[in-house]
Amino acid sequence: MARPRTPILSVSGIRAAALAVIDREGLEALSMRRLAQELDVRAASLYSHYRTKEDLLADIANEIMAEVDVSGFATGDWRHGLTVWARSYRAALAAHPNLVPVIAHGPGRREAALRRADAVHGGLVAAGWPARHATMIGASTKYLVVGAAINSFARGFDADVQVYRDRYPNLSQAHRLSEHAAEIDRDSFELALSAFLDGLSRMYEGLGEAAGR
């Protein structure tokens, strides 16, 4: 049997190729024409699978959100649920930082994102949080995670010690931050998450006392 001259396309292959372009070159670099070049096909052949670039990005975002773990809420322990969710969410975004603006925009109609939002909100309400608080806790956790994933604090400092010497005495070790960026960024996220959860625990106790729990 003769081999087809045009590579056979699949939606999973298209998504994988598009994500590779985004990871390597940035979100702005992706276009249907650029993706066709990556796949060695004509751009027109992509439109039978995805009508627009936005539809494709929504599918990619949905696939990434499907990796986020919300199973911790099944234990009934809201703090454990938030911890598992936040760490998993950050890991998923950190693996593809160039796609964060798309994912952070909101769930829209994306199935995986909506299922996770439903699990988070339901888990918090079932644990005793009022619905309004559950909504704000979900939003606050998202702000924390997205802020941690969108860029690196430690990698934002120049590695040249001369930049800081004499002029910025309190930043005398800042040139070493990029060298330990992964560790610093991870530990900083954990510190912020712990402080956030501790504050919520105190609030939860106060709500319980007010409700006579």
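Residues numbered from 1 in each chain as written. Predicted model: local features only at pLDDT ≥ 70, side-chain atom pairs only at ≥ 80, totals over all residues. Heavy atoms only, no water.

Identification of the protein chain as TetR/AcrR family transcriptional regulator from Streptomonospora mangrovi is taken from an unreviewed UniProt entry.

J.: Report on the overall build of the protein chain, specifying residues and quantitative values.
T.: A tally of helices and strands in the protein chain yields 9 helices and 0 strands. In the protein chain, the order of α-helices and β-strands from amino to carboxyl end is α-α-α-α-α-α-α-α-α. Expected size for 213 residues packed as a compact globule is a radius of gyration near 17 Å; at 22 Å, the protein chain overshoots this value by more than 25%. Considered along the principal axes of its C-alpha atoms, the protein chain spans approximately 75 × 55 × 25 Å. (Helix = DSSP H or I, 4+ residues; strand = E, 2+ residues; numbered from the N terminus. Rg over C-alpha atoms; globule rule 2.2 N^0.38 Å.)

J.: Hey, could you go over the packing of helix 7 (residues 111-126) against helix 8 (residues 131-150) for me, with residue numbers and the actual values?
T.: Running from N to C, helix 7 and helix 8 point in directions that differ by 135 degrees, and their axes come no closer than 9 Å. As far as their axial angle goes, helix 8 and helix 7 are oblique. Taken as a pair, helix 7 and helix 8 cross one another with a handedness that is right-handed. Packed against helix 7, whose contacting residues are His 121, Leu 124 and Val 125, the element helix 8 presents Ala 131, Ala 134, Thr 135 and Ile 137 at the interface. Its residues placed into classes, the contact of helix 7 with helix 8 shows 5 nonpolar, 2 polar and no charged. (Axes fitted to C-alpha atoms, helices over the stretch in contact; angles between N-to-C directions. Parallel < 35°, antiparallel > 145°, perpendicular 65-115°, else oblique. Left-handed = near helix turned anticlockwise from the far one by under 90°. Contact = heavy atoms within 4.5 Å. Nonpolar A, V, L, I, M, F, W, Y, C, P; charged D, E, K, R; others polar.)

J.: Help me get a handle on the nonpolar core, residues and values and all.
T.: Counting 52 residues, the largest nonpolar core has Leu 35, Leu 46, Trp 78, Leu 82, Tyr 89, Leu 99 and Leu 124 as the members making the most contacts within it. When residues of this core are traced back to their parent elements, those giving at least two are helix 1 (11-25), helix 2 (32-39), helix 4 (53-65), helix 5 (78-94), helix 6 (100-104), helix 7, helix 8 and helix 9 (181-211). Take this core: its biggest share by element is 7 residues, from helix 5. Once you skip the residues sitting within four places of it in the chain, Leu 99 turns out to touch Leu 19, Ile 22, Leu 27, Leu 57, Ile 60, Ala 61 and Ile 64. (Core = buried A, V, L, I, M, F, W, Y, C linked by side-chain atoms within 4.5 Å. Buried < 20%, exposed > 50% of the residue type's maximum accessible area, 1.4 Å probe, protein only.)

J.: An account of the UniProt feature "DNA-binding region" (unreviewed entry) in the protein chain is requested, with residue identities and associated values reported.
T.: UniProt's entry tags residues 31-50 with the feature "DNA-binding region" (unreviewed entry), counted in the numbering of this structure. Helix makes up 60% of residues 31-50 and strand 0%, with an end-to-end C-alpha separation of 12 Å. (UniProt positions renumbered as here; feature names shortened; annotations may be inferred.)

J.: If you had to explain the UniProt feature "domain: HTH tetR-type" (unreviewed entry) in the protein chain to someone new, which residues and values would you point to?
T.: According to UniProt, the "domain: HTH tetR-type" (unreviewed entry) feature falls on residues 8-68. Helix makes up 66% of residues 8-68 and strand 0%, with an end-to-end C-alpha separation of 30 Å.

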